[in-house]
Amino acid sequence: MRKIFFILAATLFCKQSIAQDLGTNLDPVTVTSSFYETRASKTGRNITVITSKDISQLPVRTTDELLRFLPGIDVQTRGALGAQSDISMRGGTFQQVLVILDGLRLNDPNTGHFSGYIPVVLDEIEKIEILKGASSGIFGSDAVGGVIYITTKTFSQKKQAGNNGILQLAAGDLGLLSTSGYFSANKNNHQFQVSALRNSADGPQQRGITGFMKEHAFSFAFSKKNNNWETAFRTAYNDREFAAQNFYTSFASDTAVERVKIFWNQFNAHYKKNKDQVIIYAGFKNTEDNYRFSSVSAANSSFSNLFQLNSLYLRNQNDQTKFTIGAQYIGRNIRSNDRGNHTVQQFALYGIWQQYFSKNFIANTSLRTEYANNGGWVLVPQINLSYQLNQLQLRASAGYAYRNADFTELYNNYNRTGIRSGSIGNPNLNPEKSFNYEFGLDWITASDSKVSLSAFSRNSKDLIDWTLTPYSDMPRKENLVATGNYLLAKNQSSILVEGIELDYLLDKKIDEKHSLKFKSGLIWINTKNAYGPLSFYLSSAPKFLANFATTYSTKWVDFNLTGLYKSRNVQTANPILLPMSNNYFVMNTKINFRFNQSKHLVFIQADNLFNNTINDFIGAPLPGRWLQIGARFIFN
């Protein structure tokens with residue numbers, strides 16, 4: 001209770017400590033509702049936006065670390081430096097959040113465990129939009145709990161002028177060494193960008209291995225604007241190797257190491273003339289995953305590919321009407337000594353209609369039809385309404401969402417023999433479907449602060465999750481042992497998730513030298529299975545989650561805090577699961593000291609400031625208090 005009180009007290013302090021208005025941005029521009037740039041208040045959705053400036057000030061090194069402290073997002077972390085993170089929203093599983101980079105989906109065909117692997121460095125990011133709730137009517141499969149839409153600087157409509165460079169160096173406890181660099185040049189409507197990153201840490205001592213993490217990343221991007229056309233291209237590579245002890249098993253002999261390599265390519269073309277726009281998104285992602293249970297065991301090796309093409313026509317009919325028509329192709333395949341060789345293809349047509357019935361009343365509707373060769377046809381309608389009443393923005397949303405199983409859920413451990421325990425795929429899975437609705441309001445309490453309140457419900461049929469299953473009930477037994485217990489991927493007949501969200505945003509310029517930014521979120525979730533106990537990942541979702549990120553800036557110093565409190569169900573003991581922290585509080589802090597006309601800075605940072613013992617999920621505990629020091633140099 002003391003941790004909850006601390007967060008509520010911090011919220012009230014930030015709300016009441018400053019009264020004078022010098023202007024803020026409480027209604028950011030977003031593209032997640034219709035592909036049109038639209039103010040968040042006009043979308044009928046609960047949307048949070050964080051900018052590149054906000055990101056640079058906070059005590060985070062990776063994107064998943066950042067998301068962990070943003071309102072309404074639950075990130076279940078394994079290992080140090082974002083070795084592996086499962087992102088979920090509104091009580092869903094981690095496969096029910098869609099991550100998009102510059103218009104293209106990042107979710108890996110192999111497993112949702114890789115959704116947090118963003119193949120760009122933080123300094124490349126222009127902004128991150130977080131849409132809470134279902135959006136399959138626009139984006140298709142996986143957009144069930146929410147959408148995380150990342151826009152980078154090269155692909156943004158707002159380009160940096162001239163030459164810009166950023167170099168960051170850091171070192172700390174547990175053998176931490178972190179370096180990253182970013183450079184961009186913009187001349188004559190041509191923008192060039194290159195960035196690189198190297199992170200490494202020895203991590204805490206484990207059984208027979210240290211909890212190490214090594215990451216290398218490189219990205220190159222180029223954009224060109226010529227009359228009515230703007231094109232952009234990126235190629236990126238991310239290579240991370242990390243200790244994966246008990247990430248997937250409960251054996252004491254587990255000294256696993258995993259290495260994941262991602263090769264990402266994308267091309268965007270945007271034509272705009274008068275009232276018409278045409279946008280083409282094309283991309284290819286290759287992921288190589290090698291998991292070795294111990295130094296003497298053979299590696300499980302998987303190579304997955306994701307091909308995607310998304311074409312849109314946007315029409316600004318008049319001041320009251322806008323519409324979008326789109327067609328999308330997604331091709332997924334895998335070659336694996338563990339999961340076998342498989343291919344899935346999806347085709348979709350969709351439309352989005354934005355209608356202003358009056359200055360204050362707006363409707364955003366969408367309809368999508370999609371075919372997948374392992375799931376058949378699906379029709380997904382959705383409607384979002386927004387009505388402004390003085391300082392209140394009322395909103396409502398209702399629609400369907402769906403998700404197709406990934407290759408791990410379908411075929412995990414299918415090609416191995418003599419399996420004693422672990423997760424077993426199920427090729428007979430049906431796609432999961434859900435009906436979602438929500439009601440909410442945004443209250444502009446002052447010109448520099450906003451309160452958002454939402455109540456939501458999601459009723460799922462055939463939700464896909466892992467269920468503890470004895471050998472006698474396994475549908476396929478030839479590669480199992482009779483004494484084993486297994487987690488089988490199953491369709492859960494009827495799952496109801498209901499919850500309430502409360503967000504608070506403050507963006508205050510106190511005077512010419514002082515400012516305060518504060519984002520916080522509280523969410524209460526109740527999950528029910530009509531036919532029995534909750535399955536594996538559903539039972540690990542929080543019942544209550546509070547998180548916040550705040551920055552107080554003076555002329556030469558920035559004080560930054562991020563924190564979260566999580567409360568969830570007690571996991572029942574069984575041969576598969578390891579203990580996890582059912583209730584915990586964690587806070588990180590960072591102090592920036594700026595010099596040379598604020599172009600450069602040195603910083604000190606402490607993660608897990610109170611040195612709490614935290615096991616966010618199965619596997620090794622997270623590091624205790626982690627002290628770091630570094631410098632950041634900005635050139636322009």
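What you see is a predicted model; the values in this text were computed from it and never measured.

Reading the values: the criteria
- Residues numbered from 1 in each chain as written.
- Predicted model: local features only at pLDDT ≥ 70, side-chain atom pairs only at ≥ 80, totals over all residues.
- Heavy atoms only, no water.
- Pairing = 2+ DSSP bridges.
- Helix = DSSP H or I, 4+ residues; strand = E, 2+ residues; numbered from the N terminus.
- Phe/Tyr/Trp six-rings, centres within 6.5 Å; stacked < 30°, edge-to-face > 60°.
- Lys NZ or Arg CZ within 6 Å of the ring centre and 35° of its normal.
- Core = buried A, V, L, I, M, F, W, Y, C linked by side-chain atoms within 4.5 Å.
- Buried < 20%, exposed > 50% of the residue type's maximum accessible area, 1.4 Å probe, protein only.
- Contact = heavy atoms within 4.5 Å.
- pLDDT = per-residue confidence, 0-100.
- Salt bridge = Lys/Arg side-chain N within 4 Å of Asp/Glu carboxyl O.
- Polar contact = N/O pair within 3.5 Å; in protein donor to acceptor, adjacent residues only side chain to side chain.
- Patch = residues over 30% accessible without salt bridge, like charges linked within 9 Å, V, L, I, M, F, W, Y side chains within 5 Å.
- Areas by Shrake-Rupley, 256 points an atom, 1.4 Å probe, with all protein chains shown as cover.

Caption draft 1: Structural detail: the sheet that holds strand E9 (residues 146-152). An order of E3-E8-E9-E6-E7 is seen for the five strands of this open sheet, with the pairing classed as mixed. If you trace the sheet from one side to the other, it starts and ends with strand E3 (46-51) and strand E7 (104-105), each paired once. Pairing of strand E8 (residues 125-132) with E9, which is carried by seven bridges, proceeds in the antiparallel orientation. Within E9, the residue paired with Lys 132 across the bridge is Gly 146.

Caption draft 2: Here's a closer look at the packing of aromatic side chains. Enumeration according to the criterion identifies 30 aromatic pairs in this entry. Here the aromatic cluster, defined as three or more aromatic residues joined through ring pairs, consists of Phe 35, Phe 139, Tyr 149, Tyr 281 and Tyr 350. Here Arg 476 stacks its cationic end above the ring of Tyr 414, 3.9 Å away from the centre of that ring.

Caption draft 3: The nonpolar core, seen in detail. Counting residues in hydrophobic clusters, the biggest one holds 47 residues, and the most contacted among them are Phe 35, Leu 67, Ile 73, Ile 128, Phe 139 and Ile 148. Among the elements that make up this core, the one with the highest residue count is strand E6 (residues 97-101) (five residues). Those residues in contact with Phe 139 that lie beyond four places of it in its chain are Thr 32, Phe 35, Leu 98, Ile 100, Arg 105, Val 147, Tyr 149, Gln 328 and Arg 368.

Caption draft 4: The arrangement of the confidence of the model for the chain in detail. A residue-level look at the chain finds 94% of positions with pLDDT of 70 or above and a mean pLDDT of 89. Contacts from residues 4-24, a stretch scored under 50 in pLDDT, to residues over four places away or in other chains number 41 contacts. Across residues 573-577, where pLDDT falls below 50, the model places 12 contacts with residues more than four positions away in sequence or in other chains.

Caption draft 5: Broad picture of the pattern of salt bridges. Under the definition given, this model contains 31 salt bridges. A salt bridge links Asp 86 to Arg 78; the shortest N-O distance between them is 3.7 Å. For Arg 78, a relative accessible area of 1% translates into the label buried. Of the charged contacts in the structure, one is a salt bridge between Arg 259 and Asp 239, with a shortest N-O distance of 2.6 Å. Of this pair, Arg 259 sits in strand E15 (residues 257-273) while Asp 239 sits in strand E14 (residues 229-243), placing them 20 residues apart in sequence. Counted as one network, the salt bridges with shared partners bring together Arg 45, Arg 90, Arg 395, Glu 438, Asp 442 and Glu 501.

Caption draft 6: Up close: the environment of Ser 250. Within the element layout of this structure, Ser 250 appears in the loop between E14 and E15. The exposure class assigned to Ser 250 is partly exposed, which follows from its relative accessible area of 23%.

Caption draft 7: Main features of the side chain of Asn 107. Structurally, Asn 107 is set in the loop between E7 and E8. Take Asn 107: its relative accessible area is 8%, and that puts it in the buried class. Here Val 97 takes part through its backbone oxygen, which lies 2.9 Å from a polar atom of the side chain of Asn 107. A polar contact is formed between the side chain of Asn 107 and the backbone nitrogen of Val 99, at a distance of 2.9 Å. In this structure, Asn 107 is in contact with Val 97, Leu 98, Val 99, Ser 115, Asp 142, Lys 285 and Leu 306, ignoring residues within four places of it in sequence.

Caption draft 8: Up close: unusual backbone geometry. Phi is positive for Asn 246, close to 60°, though the residue is something other than glycine. Its place among the elements puts Asn 246 in the loop between E14 and E15. Its identity as a non-glycine residue notwithstanding, Asn 608 has a phi of 50°, on the positive side. Take Asn 608: it is sitting in the loop between strand E31 (600-607) and strand E32 (626-635). Classification of Asn 608 as buried rests on a relative accessible area of 4%.

Caption draft 9: Just the side chain of Gln 355, in detail. Looking at the element boundaries, Gln 355 is found in strand E19 (residues 340-356). Given the relative accessible area of 16%, Gln 355 is considered buried. Polar contacts involving the side chain of Gln 355 include one to the side chain of Trp 353, which spans 3.1 Å. Excluding anything up to four places from it in sequence, Gln 355 contacts Gln 320, Thr 321, Phe 361, Ile 362 and Ala 363.

Caption draft 10: Highlighting a nonpolar patch on the surface. On the surface, Phe 593, Phe 595, Val 602, Ile 604 and Ile 629 cluster together to form a nonpolar patch covering roughly 410 Å² of accessible area. Taken together, the elements giving at least two residues each to the nonpolar patch come down to strand E30 (583-595) and E31. Tracing the sequence through the fold places Ile 629 in strand E32.

Caption draft 11: Quick look at the pairing of strand E20 (residues 361-372). Pairing analysis gives 11 bridges linking E19 to E20, with the strands arranged antiparallel. The residue bridging Gln 355 from the neighbouring strand is Ala 363, located in E20. Hairpin connection from E19 to E20: four residues lie between these consecutive antiparallel strands. When E20 meets strand E21 (residues 376-389), the two strands line up antiparallel, connected through 12 bridges. What sits directly across from Ala 363, in E21, is Leu 385. Here E20 hands over to E21 after three residues, the two strands then running antiparallel side by side.

Caption draft 12: Region of the structure containing the pairing of strand E12 (residues 190-201). Direction of pairing for strand E11 (residues 176-187) relative to E12: antiparallel, over a ladder of 11 bridges. Counterpart to Gly 181 in the pairing with E12 is Ala 196. Between E11 and the antiparallel strand that follows it, E12, lie two residues; Asn 188 among them carries a positive phi value of about 50°. Bridge analysis of E12 against strand E13 (residues 213-226) gives 12 bridges, and the strand direction is antiparallel. What sits directly across from Val 194, in E13, is Phe 220.

Caption draft 13: Representation of the environment of Ala 541 within the structure. As for its placement among the helices and strands, Ala 541 is situated in the loop between helix H6 (536-539) and strand E28 (542-553). Separated by 24 residues in the primary sequence, Ala 541 and Lys 517 have C-alpha atoms spaced 28 Å apart. Those residues in contact with Ala 541 that sit more than four places away from it in its chain are Gln 76, Gly 91 and Arg 568.

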